[in-house]
There are 2 protein chains.
Amino acid sequence: METKYNIVKQAIMSKILDGTFQPHQKIYSESELMKQFDVSRHTVRVAIGELVTQGWLYREQGAGTFCVDRSEVETSMNASNQKNIAIITTYISDYIFPSIIRGAESYLSQHGYHVSLFSTNNNHENERKALNKILTQRFDGVIIEPTKSALFNPNINYYLNLERKNIPYIMINAFYDELDPLSITMNDEKGGYIQTKHLIELGHTNIIGFFKTDDIQGNKRMKGFLQAHREHGVFVDPSNIVIYSSEEKATKPVEFLQEKLSVGEDVPTAIVCYNDELAIRLLDVIREKNLQVPEDISIVGFDDSFMANATEVKLTTIQHPKSKMGESAAKMILDIVKAVTGSNKKARDTAESIVIDSELIIRDSTKQINK
Amino acid sequence: METKYNIVKQAIMSKILDGTFQPHQKIYSESELMKQFDVSRHTVRVAIGELVTQGWLYREQGAGTFCVDRSEVETSMNASNQKNIAIITTYISDYIFPSIIRGAESYLSQHGYHVSLFSTNNNHENERKALNKILTQRFDGVIIEPTKSALFNPNINYYLNLERKNIPYIMINAFYDELDPLSITMNDEKGGYIQTKHLIELGHTNIIGFFKTDDIQGNKRMKGFLQAHREHGVFVDPSNIVIYSSEEKATKPVEFLQEKLSVGEDVPTAIVCYNDELAIRLLDVIREKNLQVPEDISIVGFDDSFMANATEVKLTTIQHPKSKMGESAAKMILDIVKAVTGSNKKARDTAESIVIDSELIIRDSTKQINK
DNA sequence: TCCGATTTGTTCGTATGTATG
DNA sequence: GCATACATACGAACAAATCGG
């Protein structure tokens, strides 16, 4: 027990225990300790190394070696360092979510984290169950795609509980306004705006807009839709705005368009869709009525999903980074997680929400109108 | 992560996990490792040091370094019934896998289990990493979609270690023959058979078959393709069979068909595709050549994916249960998990692999030929 | 019981890389 | 840009424990 590194180790221990080194305070540098004990750097490093693995100190390259706050250790130590990140999405298999999940999974697994998946099917009850499990078991962080973000969220308490338990979370695609969380979202208002602007500039004035309004995205896109009309001095026929909920997505817009195209008069020349999924659905309706896209009707999607390219008529749509967004979300949550566990408050405070700019991708489903 | 000591550390970890180093067995001496990795003793000691502090190895001066018996540690750890199921797939975001994952997630979360996701991108190295994590952390069961199932699998040892650790696993879509595991698969041979039979009965005799042959599914579908020809007395032109690997999937088949259609003579009248993804890709090629489906060329897909319905020409294809398969897999693994933990061996022994019958879905991409 | 070969433990010196402030 | 501090890596030496002959 009278090895040199053990002497150094014990000396440092004493200073921690007698309070000379307070939590988060920098201890002597390695070269300082070399002088004090007249030993080599290697010996000092062995001594400090053992104290680090035993959880008394932590090192920060370029800054120094610091004393750990034991009180914090016990709260986070309560579970084995499993390195788990949870992802809650509305749908796992549909649409753009698989890509988002893949992007996140790829980044997280590269950094040694597990990815646990929960899907809510856009249902608050399921969201509650998922949050319940996350609170019960051990997770280091959560990436959440909010369920029905435009409606009042009955699970607010669960989110507040996450905060109380020091489990960081971020939101993607949308966020609950009340919580003011860190988030990565699209600029949906601008998206709706440029969808519509594009059509107006092509000469369209009779444009139907379909918006899913239980998610906040739909509301914002509608806002952009209206703004584009206003700015270009085009009057919006109120009956040209169709709002629907997740539950109605397979029926209401389709039926509305069938009706509208059957009447034969006041037929719209263009359609703004909440997303590509709807656009594809409406494409079928248009085909049934023996109309051509884009000759008879122009149509704009949103999200640039795989669907936009799978059809014969390649969709004009708004770009969505998908797997890149998943990756960004993963990076953001890991940065925060490390800041929390590493008792380095700085990164947490400097983290900022990201709003991704919306850009139009022009393909073959929109066309200049010649009246 | 690419530090020398980390390389050595990971290498030793692998040998522990794949069973090369048995509990209490002596591992290579420091000087041995120095030679093997061509590093200094210091580096070797750092690597071993970390593994010792992490509880994988223990050192005895004068004797050597030994492997810790994890089973002793884990039986006590076992108490924390975390209820985790891991799913390893080749791709998370592509094609039919999201649906499979959703089916499994839905069933498992309803039964109080977590779902952790791993994707291999059809790469053995990534598969190894995933298995590594599953062996290291605590999982109750694993659902695996094999990576390149037709090729020799270098990770067999990891699977055997799963068995040794009493972590049950099942395979979906395909399986490694050597392991003879419980599995849920399609009847791929019949699938290829009825794809082809359908075309032959429509009068086609000049049929190209595209098969991805690094997965076992492709080999079986090709077998069915050949059998259908044989049974109907139709000669197969060897140049009409195109095999490709995952890496070539975006290029080789497309280029082959472009070439074939350019020649102008001996143009095929029908195409059998390994899956819908390829069918859609080839549909574009056919369009470029100003040919019509199904008037000029009939085409049959496989899997009945979302793509089969997204295009203007709805694909004739083979039905795949997708989310139902995920659900079945989830049910099967839970049954086994419960049997193992409940020390009720019966259910485990009675569990049987499922082969799902293949059925043809006839849509608009195939047509009677009139010569 | 002792010897010698092997193996891990401790310590020093040196050099270069990288992050921080 | 610069000094400081930690991170990785090589080389060398001697000490202490183990084990087979």
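Scroll up to find the structure this text is about.
Each chain has its residues counted from 1, following the order in which its sequence is written. All chains are assigned letters beginning with A, and all ligands numbers beginning with 1, in the order in which they are written. Side-chain atom pairs in this predicted model are given and counted only at pLDDT of 80 or more, local residue features only at pLDDT of at least 70, and totals for whole chains, interfaces and linings cover all residues. Only hydrogens and water are set aside; all other atoms, that is, all heavy atoms of the structure, feed into the side-chain values.

Engineer: Lay out the overall build of chain A in plain terms, naming residues and giving numbers.
Structural biologist: Counting from the N terminus, the helices are the DSSP runs of H or I reaching at least four residues and the strands are the DSSP runs of E reaching at least two. When you go through chain A residue by residue, the secondary structure sums to 14 helices and 14 strands. For 371 residues, the compact-globule estimate of 2.2 N^0.38 gives 21 Å, and the C-alpha radius of gyration of chain A, at 28 Å, exceeds that figure by more than 25%. In terms of its C-alpha atoms, chain A occupies a principal-axis envelope of roughly 95 × 35 × 35 Å. Relative accessibility under 20% of the residue-type maximum defines a buried residue, over 50% an exposed one, and the middle range a partly exposed one, all with a 1.4 Å probe and only protein chains included. When burial is assessed residue by residue, chain A has 54% of its 371 residues classed as buried. Excluding contacts between residues fewer than 6 apart, the proportion of contacts in chain A whose partners are at least 24 apart in sequence is 74%. Put simply, the radius of gyration uses C-alpha atoms, and a globule should come to 2.2 Å times the residue count raised to 0.38. Contacts are assigned to residue pairs with any non-hydrogen atoms lying within 4.5 Å of each other.

Engineer: Got a sec to walk through the packing of helix 6 (residues 124-136) of chain A against helix 7 (residues 156-164) of chain A? Specific residues and values, please.
Structural biologist: Residues and elements named next belong to chain A. Axis definition: a line fit to C-alpha positions, over the contact stretch in the case of helices; interaxial angles, taken between N-to-C directions, run 0 to 180 degrees. Remark: helix 6 packs on helix 7, axes separated minimally by 10 Å, with the N-to-C direction vectors making an angle of 20 degrees. Comparing the axis directions of helix 6 and helix 7 gives the class roughly parallel. The interaxial crossing formed by helix 6 with helix 7 has left-handed handedness. In this structure, helix 6 uses Glu127, Arg128, Leu131, Asn132, Ile134 and Leu135 to contact helix 7, whose residues at the interface are Tyr158, Tyr159, Asn161 and Leu162. For classification, angles of less than 35 degrees are called roughly parallel, those exceeding 145 degrees roughly antiparallel, those between 65 and 115 degrees roughly perpendicular, and all remaining angles oblique. By definition, turning the near helix anticlockwise from the far helix through less than a right angle yields a left-handed crossing, and turning it clockwise yields a right-handed one.

Engineer: Requested: an account of the packing of helix 2 (residues 30-37) of chain B against helix 3 (residues 41-53) of chain B, with residues and values cited.
Structural biologist: All names here are of chain B. At a closest axis distance of 9 Å, the pairing of helix 2 and helix 3 adopts a crossing angle of 110 degrees. Relative to helix 3, the element helix 2 lies roughly perpendicular. Once helix 2 is placed against helix 3, the crossing between them reads as right-handed. Contact with helix 2, carried on its side by Glu30, Leu33 and Met34, involves Arg41, Val44, Arg45 and Ile48 of helix 3 and no other residues of that element.

Engineer: How would you summarise helix 7 (residues 156-164) of chain B if you had to cite specific residues and measurements?
Structural biologist: Helical periodicity: at 3.6 residues per turn, an α-helix aligns residues three or four positions apart in one direction. When helix 7 of chain B is considered as a whole, its buried residues turn out to be Ile156(B), Tyr158(B), Tyr159(B), Asn161(B) and Leu162(B). Of the residues trailing helix 7 of chain B, Asn166(B) is marked for its positive phi of about 65 degrees.

Engineer: Describe the protein's contact with DNA strand D, listing the residues and the values that go with them.
Structural biologist: As a matter of local geometry, DNA strand D sits amid 23 residues, with Glu30(A), Arg45(A), Lys4(B), Thr43(B) and Gln61(B) nearest to it. Within the contact set of DNA strand D, a phosphate oxygen lies 3.0 Å away from a side-chain nitrogen or oxygen of Thr65(A). The greatest single-element share of the surface near DNA strand D, amounting to 3 residues, is contributed by helix 3 of chain B. When at least one non-hydrogen atom of a residue lies within 4 Å of a molecule or strand, that residue is treated as near it. Polar contact criterion, stated in full: a pair of N or O atoms within 3.5 Å, where within protein one must be able to donate a hydrogen and the other to accept it, and residues adjacent in sequence count only if both atoms are side-chain atoms.

Engineer: How would you sum up the sheet that holds strand 8 (residues 207-212) of chain A? Please name residues and give values.
Structural biologist: Residues and elements named next belong to chain A. DSSP calls a pair of strands paired once it identifies at least 2 bridges connecting them. Spatial ordering of the open sheet is given by 9-8-10-11, a layout of 4 strands whose pairing is parallel. Each having just a single partner strand, strand 9 (241-244) and strand 11 (298-300) make up the two edges of the open sheet. Strand after strand, the sheet turns through a mean of 15 degrees between neighbouring axes, direction not considered. In terms of strand pairing, strand 10 (residues 270-272) meets strand 11 through 3 bridges, oriented parallel. Of the residues in strand 11, the one forming a bridge with Ile271 is Ile299. Lying over the sheet, helix 8 (residues 188-201) contacts strand 8, strand 10 and strand 11, oriented at roughly 170 degrees with respect to strand 10. The sheet contacts of helix 11 (residues 276-288) involve strand 8, strand 9, strand 10 and strand 11, and relative to strand 11 the element is tilted by about 160 degrees.

Engineer: How would you sum up the protein's contact with DNA strand C? Please name residues and give values.
Structural biologist: Around DNA strand C lies a shell of 23 residues, among which Lys4(A), Tyr5(A), Thr43(A), Gln61(A) and Arg41(B) are the nearest. Among the atoms of DNA strand C close to the protein, meaning within 4 Å, 65% are from sugar or phosphate groups. Thr65(B) places a side-chain nitrogen or oxygen 3.2 Å from a phosphate oxygen of DNA strand C. Of the residues forming the surface near DNA strand C, the biggest block, 3 residues, is contributed by helix 3 (residues 41-53) of chain A. Basically, the charged four are Asp, Glu, Lys and Arg, the nonpolar ten are Ala, Val, Leu, Ile, Met, Phe, Trp, Tyr, Cys and Pro, and anything else, Gly included, counts as polar. Of the residues belonging to the surface near DNA strand C, the class tally is 4 nonpolar, 12 polar and 7 charged.

Engineer: So, the pairing of strand 9 of chain A: which residues are in play, and what are the values?
Structural biologist: All names here are of chain A. Of the two faces of strand 9, the one holding Val242 and Tyr244 is buried and the one holding Ile241 and Ile243 is not buried anywhere. Where strand 8 meets strand 9, 4 bridges bridge the pair, whose relative direction is parallel. Of the residues in strand 9, the one forming a bridge with Lys212 is Tyr244.

Engineer: Describe the side chain of Ser119(A), and please don't skip the residues or the numbers.
Structural biologist: By secondary structure assignment, the location of Ser119(A) is in strand 4 (residues 114-119). A relative accessible area of 12% means that Ser119(A) is categorised as buried. Contact partners of Ser119(A), with chain neighbours within four places excluded, come to Thr89(A), Thr90(A), Ile92(A), Asn126(A) and Glu105(B).

Engineer: Outline the interface of chain B and chain A, supporting the account with residue identities and numerical values.
Structural biologist: How large an interface is tends to be reported as the accessible area lost when its parts come together. Contact with chain B, which involves 29 residues of that partner, is made by 29 residues of chain A. For the pairing of chain B and chain A, the buried interface totals around 2,800 Å² over both sides, and the portion due to carbon and sulfur atoms is 52%. Should a side-chain nitrogen of Lys or Arg be within 4 Å of a carboxyl oxygen of Asp or Glu, the pair is scored as a salt bridge. The interface formed by chain B and chain A contains 2 salt bridges. Residue Asp284(A) is joined to Lys314(B) by a salt bridge in which the shortest nitrogen-to-oxygen separation is 3.6 Å. One can count 7 residue pairs in polar contact (both at pLDDT 80 or more) joining chain B with chain A. Of all the secondary-structure elements, those providing two or more residues to the side of chain B that touches chain A are helix 3, helix 5 (97-110), strand 4 (114-119) and helix 11 (276-288) of chain B. Counted by class, the side of chain B that touches chain A contains 10 nonpolar, 12 polar and 7 charged residues. When two parts are put together, the accessible area they lose, computed with a 1.4 Å probe and summed over both, is reported as buried area.

Engineer: Give me the nonpolar core: which residues, what numbers.
Structural biologist: What we call a nonpolar core is a set of buried Ala, Val, Leu, Ile, Met, Phe, Trp, Tyr and Cys residues that are connected through their side-chain atoms within 4.5 Å. Ile299(A) and Ile299(B) are the most contacted members of the largest nonpolar core, which has 125 residues in total. In contact with Ile299(A), not counting residues within four places along its chain, are Ile271(A), Cys273(A), Ala279(A), Leu282(A), Leu283(A), Ile286(A), Val293(A), Leu315(A), Thr316(A), Ser365(A) and Thr366(A). Counting 36 residues, the second-largest nonpolar core is a separate cluster that includes Phe21(B), Ile27(B), Leu51(B) and Tyr176(B).

Engineer: Describe in detail the packing of aromatic side chains, supporting the description with residues and values.
Structural biologist: Aromatic contacts are taken between Phe, Tyr and Trp rings whose centres are within 6.5 Å, Trp giving its six-membered ring; a plane angle under 30 degrees counts as stacked, one over 60 as edge-to-face, and the others as tilted. What the rule picks out here adds up to 15 aromatic pairs over all chains. Here the aromatic rings of Phe210(B) and Phe256(B) are separated by 6.0 Å at their centres, their planes lie at 85 degrees, and the arrangement is edge-to-face. Separated by 46 residues along the polypeptide, Phe210(B) in strand 8 (residues 207-212) and Phe256(B) in helix 10 (residues 252-263) bring together distant segments of the chain. We classify Phe210(B) as buried; its relative accessible area is 0%. Among the residues examined, Phe256(B) registers a relative accessible area of 25% and is labelled partly exposed. Between Phe211(B) and Phe225(B), the ring centres sit 5.3 Å apart and the planes meet at 65 degrees, which makes this aromatic pair edge-to-face. Note that Phe211(B) is positioned in strand 8 and Phe225(B) in helix 9 (residues 216-231), a separation of 14 residues in sequence. Residue Phe225(B) is classed as buried on the basis of its relative accessible area, which comes to 0%. Three or more aromatic residues joined by ring pairs make a cluster, and in this case those are Tyr159(A), Tyr169(A) and Tyr176(A).

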